[in-house]
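# Per-entry structural report
Letter by letter, the chains look like this.
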Amino acid sequence: MENVDHLDTCNTPVNNTDTVRETDGDEKGENGSVPEYRCEICRKTFSSEDEVVTHKEIHSKKRPVHCETCGKSFLSKSHLVVHKRSHTGEKPFKCEICEKTFSQNSHLQNHRRSHSGEKPYRCETCGKFFTQNSHLLVHKRSHTGERPFHCEICKKSFTQNSHFLYHKRCHTGEKPFHCEICKKSFISRGNLTAHERIHASEKPYQCEICGRAFAFEPDLKKHNRLHAMEKPFHCEICGKSFPQKSHVVVHKRSHTGEKPFKCEICEKCYACKKTLILHGRVHSGKQPFKCEICGKSFSSSTNLAIHIRIHTGEKPFRCEICGKPYGSGSALIQHRRAHTGEKPFHCEICGKYFASLSDLKIHKRLHTGEEAPFHCEICGKSFNWNSHLIEHERYHTGEKRFQCEICGQSFTQKCRLVEHGRYHTGERPFHCEVCGKCFVSSNKLKNHQRIHSRRKPFDCET
């Protein structure tokens, strides 16, 4: 039975006796294939003339059978029976291998091929095989360039009717798929399915490298490109590459200056919808993602996942040049710039370049006179980073949480512990290019270099 969820319709008058025949009825095709009969309206092919005649009823818009629940009309009673299962949830056809159930027998037959690996439909142009004839028909359009489904509103064309129906809802605002738990509506069944996994906390697709889980397999494949450093999508303007096509779309707005997503409260605009959603939580104070270990809350699931690695010590992102590991992909990307010397963030006022956006924002405060946003309540000192404020506050409290395992000495900052550890190991990774002397920290190297430059930056106020 044909899939009744994707019936094509058009306004073309139909003569059911007109059928284009691909081969003689008694003969087989050149490769022993079954003769094909084609509908001259939508070019769909069938194995018999009777099937074409039945199919053309779709174009005639004669739909005498109606659903009593939603009012939708159908060509035949059998189509209505299948449709009613969308209301009842009935799925009477069961796969004997994995026990997955389906509302239509044709869907079950197609599914069985995922177990058997059978792909009986072959493209004569490129030789690619497909499990379903409908998939082959859609694929053929990639060779012919045919896009038979046209939007009358924006004139956009599509290769599949399902894509066209989905697109039309962008214009109408229709969201026919509803979550039974929270009543939220969605434009497609796929979006609803993804949403329902939020309630079930179901994320069956897990990254083997970093352990991050996803609700859908395509999302996992996109994520895997971050580890593989695969970037197949390129910006036509500057040549920059990205792991996802959507990233290119957002990136191009940095060239055009387009920021289509606007905050209704402060009217601040953003190039990416996700950034707007995260920004909205600044106003609402909402931090829905909570760490089960320390109770700290976050505005995004990504930030929570990165935070949890502080507890586990996990650092799944490793620099291929020096081998240094990091807890997040963004930290690794920023670190790589230390090797490449890349500084992609540009100050429009003075022309200075920076390796990170955060460094650029801090720099801009020199021009605007804006005060550092994080203030110590005890001494009033200000900091550009909240993490620096937290470290500073330990000087007031006397807290020294970082302890040397060799001698037991404690420190307020982890970097001080790392520096101290080099006195035990003898490691001195910072070298003076003038005299070759080595030091345990970059600060000690900078102090030493003033000997060569004869620079004396500190003046006596007396």
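Let us look at the structure shown here. (Residues numbered from 1 in each chain as written. Predicted model: local features only at pLDDT ≥ 70, side-chain atom pairs only at ≥ 80, totals over all residues. Heavy atoms only, no water.)

## Section: the packing of aromatic side chains
For the record, the criterion: Centre distance within 6.5 Å is the pairing criterion for rings of Phe, Tyr and Trp, where only the six-membered ring of Trp is used; planes under 30 degrees apart are then read as stacked, over 60 as edge-to-face, and the remainder as tilted. Note on classification: 1.4 Å probe, protein chains only; a residue is buried when its accessible area is under 20% of the maximum for its type, exposed when over 50%, partly exposed between these limits.
Enumeration over the complete set of coordinates arrives at 1 aromatic pair. Judged by centre distance (6.3 Å) and plane angle (40°), the ring pair of Phe158 and Phe164 falls under tilted. You'll find Phe158 and Phe164 in the same group, each marked buried.

## Considering the side chain of His139
Worth spelling out the cut-off: Secondary structure elements follow DSSP: runs of H or I of four or more residues count as helices, runs of E of two or more count as strands, with numbering from the N terminus. Under the rule applied, a polar contact is a pair of N or O atoms within 3.5 Å (in protein, one hydrogen donor and one hydrogen acceptor; residues adjacent in sequence only if both atoms are side-chain atoms).
Topologically, His139 is positioned in helix α4 (residues 133–144). Given a relative accessible area of 14%, His139 falls into the buried group. Of the polar contacts made by the side chain of His139, one reaches the side chain of His143; its length is 3.2 Å.

## Re the pattern of salt bridges
Rule in force here: We define a salt bridge as a contact between a side-chain nitrogen of Lys or Arg and a carboxyl oxygen of Asp or Glu at a distance within 4 Å.
Across all of its chains, the model carries 10 salt bridges by this definition. Its salt-bridge partner being Glu96, residue Arg112 comes within 3.1 Å of it at the nearest N-O pair. On the criterion of sequence distance, the pair formed by Arg112 in helix α3 (residues 105–116) and Glu96 in the loop between β6 (93–94) and β7 (101–102) is long-range, its members being 16 residues apart. By relative accessible area, which is 27% here, Arg112 ends up partly exposed. Glu342 is the salt-bridge partner of Arg337, the closest N and O atoms lying 3.9 Å from each other. For Arg337, a relative accessible area of 14% gives the class buried. A relative accessible area of 39% means that Glu342 is categorised as partly exposed. Residues joined in a network through salt bridges with shared partners are Arg416, Glu419 and Lys444.

## Points about helix α15 (residues 442–453)
The condition is simple: Helix span, expected: 1.5 Å multiplied by one less than the number of residues in the helix.
Across its 12 residues, α15 extends 16 Å between first and last C-alpha, which sits within 8% of the 16 Å expected from 1.5 Å per residue. At the C-terminal side of α15, Arg454 shows a positive phi close to 60°.

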